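Inside the fold
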Amino acid sequence: MATQSPFSLLENLFERASATLQPPPWVVDEVQNRVVLLLNHVLQQEPEATARLARQKGRVVLMQWRSFHMALVATPAGLLDRATSGMRADLTLTITETSPFALAQQALSAGKPGVRIEGDVQLAAEVNWLVDHVRWDLEEDLSRVVGDTTAHTVGNVVRSAASTLRQFIAKRPGADKAAA
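Residues numbered from 1 in each chain as written. Predicted model: local features only at pLDDT ≥ 70, side-chain atom pairs only at ≥ 80, totals over all residues. Heavy atoms only, no water.

Thoughts on the overall build of the chain
For clarity, the cut-off: Helix and strand assignments come from DSSP, with helices taken as H or I runs of at least 4 residues and strands as E runs of at least 2, each series counted from the N terminus. Each residue is assigned to one of three classes by its accessible area relative to the maximum for its type, calculated with a 1.4 Å probe on protein chains only: buried under 20%, partly exposed between the two thresholds, exposed over 50%. Any two residues whose heavy atoms approach within 4.5 Å are treated as being in contact. Under the convention used here, a 1.4 Å probe and the Shrake-Rupley method define accessible areas, while residue burial counts only the protein chains that appear.
If you tally the helices and strands in the chain, you get eight helices and five strands. Each helix and strand of the chain, ordered N terminal to C terminal, gives the series α-α-α-β-β-β-β-α-β-α-α-α-α. Here the chain, with 180 residues, has 27% of them falling under the buried criterion. Residue pairs at least 24 apart in sequence account for 60% of intrachain contacts in the chain once pairs closer than 6 positions are excluded. For the chain, the accessible area works out to roughly 12,100 Å², and carbon and sulfur atoms hold 61% of it.

Structure below.
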């Protein structure tokens, strides 16, 4: 008797829910604004990243996954802003993996999802450099609020939980097929 994995059950539930339930436009708008704020916060920690983005000012990158999309434009200050609806994308990045669980698994294993790239090659190279070299130091930000010792302890707990989750996901049925 074959048993179905709970991951596939959750994935099927997600598929059905996402086909019928869509967030209101104002929620999407607010989430995208918050994502831009977070990205700019992270970019400001890396002077080389802002210098590279400043050279791409006015260029638009459209990111897509399933029915979600977000267009960002590089500002003269080397940061990001949401592109207006009339701006044409210079680069389109489409995540080809449709399963949110597979994306989460790739993120936990520090992998990159499959991406279809269309548009400006130089801009794509700059975006790739940013993805490869810019990291959010969450522990440093947390230490500004709660202090170094507490932030370090929280960081250790999160790293341990992520490691345990990676091991759990690696042992799930069908993990060998997903890795191939």
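From this point, things continue past the structure.
Here's the deal with the side chain of Thr92
Following the sequence through the fold, Thr92 ends up in strand S4 (residues 91-95). Residues within four places of Thr92 in sequence aside, it is in contact with Leu62, Gln64, Arg116, Ile117 and Glu118.

Focus on a nonpolar patch on the surface
Short version of the rule: Residues with no salt bridge and a relative accessible area higher than 30% make up the patches, which join like charges within 9 Å and nonpolar side chains (Val, Leu, Ile, Met, Phe, Trp, Tyr) within 5 Å. Salt-bridge detection follows one rule: a side-chain nitrogen of Lys or Arg within 4 Å of a carboxyl oxygen of Asp or Glu.
On the surface, Val31, Val35 and Leu39 cluster together to form a nonpolar patch covering roughly 210 Å² of accessible area. Turning to its location among the elements, Val35 is positioned in helix H2 (residues 25-44).

A closer look at the sheet that holds strand S3 (residues 80-82)
Condition: Pairing between two strands requires that DSSP report at least two bridges joining them. Every axis in this analysis is a line fitted to C-alpha atoms, fitted for helices over the stretch in contact. Angles between the N-to-C directions lie between 0 and 180 degrees.
Sheet architecture is open: five strands sit in the order S3-S2-S1-S4-S5, paired in mixed fashion. Taken across any chain shown, the strands that pair with only one partner, and hence form the sheet edges, are S3 and strand S5 (115-119). Strand-to-strand twist of the sheet, defined as the mean angle between neighbouring strand axes without regard to direction, takes the value 25°. When strand S2 (residues 68-74) meets S3, the two strands line up antiparallel, connected through three bridges. Residue pairing in the sheet places Leu72 in a bridge with Arg82 of S3. Helix-sheet contacts for H2 involve S2 and S3, and the interaxial angle to S3 is about 170°.

A word on the pattern of salt bridges
Within this structure, the stated rule accounts for eight salt bridges. Two residues, Glu126 and Arg52, come together in a salt bridge whose shortest N-O distance is 2.9 Å. Taken together, the positions of Glu126 in helix H5 (residues 121-133) and Arg52 in helix H3 (residues 47-54) put the pair 74 residues apart, joining distant regions of the chain. Per residue, the accessibility class of Glu126 equals that of Arg52, and both read buried. The salt bridge partner of Arg116 is Glu118, with a shortest N-O separation of 2.9 Å.

Focus on the nonpolar core
Spelled out, the test is: Side-chain atoms within 4.5 Å link the members of a nonpolar core, which is a set of buried Ala, Val, Leu, Ile, Met, Phe, Trp, Tyr and Cys residues.
Leu43, Ala49, Leu53, Leu130 and Val134 are the most contacted members of the largest nonpolar core, which totals 13 residues. At the level of elements, H2, H3, S2 and H5 are the ones that each hand at least two residues to this core. Aside from chain neighbours lying at most four places away, what touches Val134 is Val42, Glu46, Ala49 and Trp129. Core analysis: the second largest hydrophobic core is formed by five residues, Val61, Leu91, Leu93 and Ala124 among them.

Details of the environment of Arg82
Keep this limit in mind: Pairs of N or O atoms within 3.5 Å make up the polar contacts considered here, provided that, within protein, one atom can donate a hydrogen while the other can accept it, and that residues adjacent in sequence are counted only when both atoms are side-chain atoms.
Mapped onto the secondary structure, Arg82 falls in strand S3. The spatial distance from the C-alpha of Arg82 to the C-alpha of Asp29 is 9.9 Å, given a sequence separation of 53 residues. Beyond its immediate stretch of four places on either side in the chain, Arg82 contacts Asp29, Gln32, Asn33, Val36, Ala71, Leu72 and Val73. Within the local environment of Arg82, its side chain forms a polar contact with the side chain of Gln32, the two groups lying 3.0 Å apart.

Looking at the pairing of strand S1 (residues 60-65)
Here S1 runs beside S2; their pairing, made up of six bridges, is antiparallel. Residue pairing across strands places Val60 opposite Val73, the latter belonging to S2. Once S1 ends, the chain turns through two residues before running back antiparallel as S2, passing Arg66 with a positive phi of about 55°. Note: S1 against S4, four bridges, orientation parallel.

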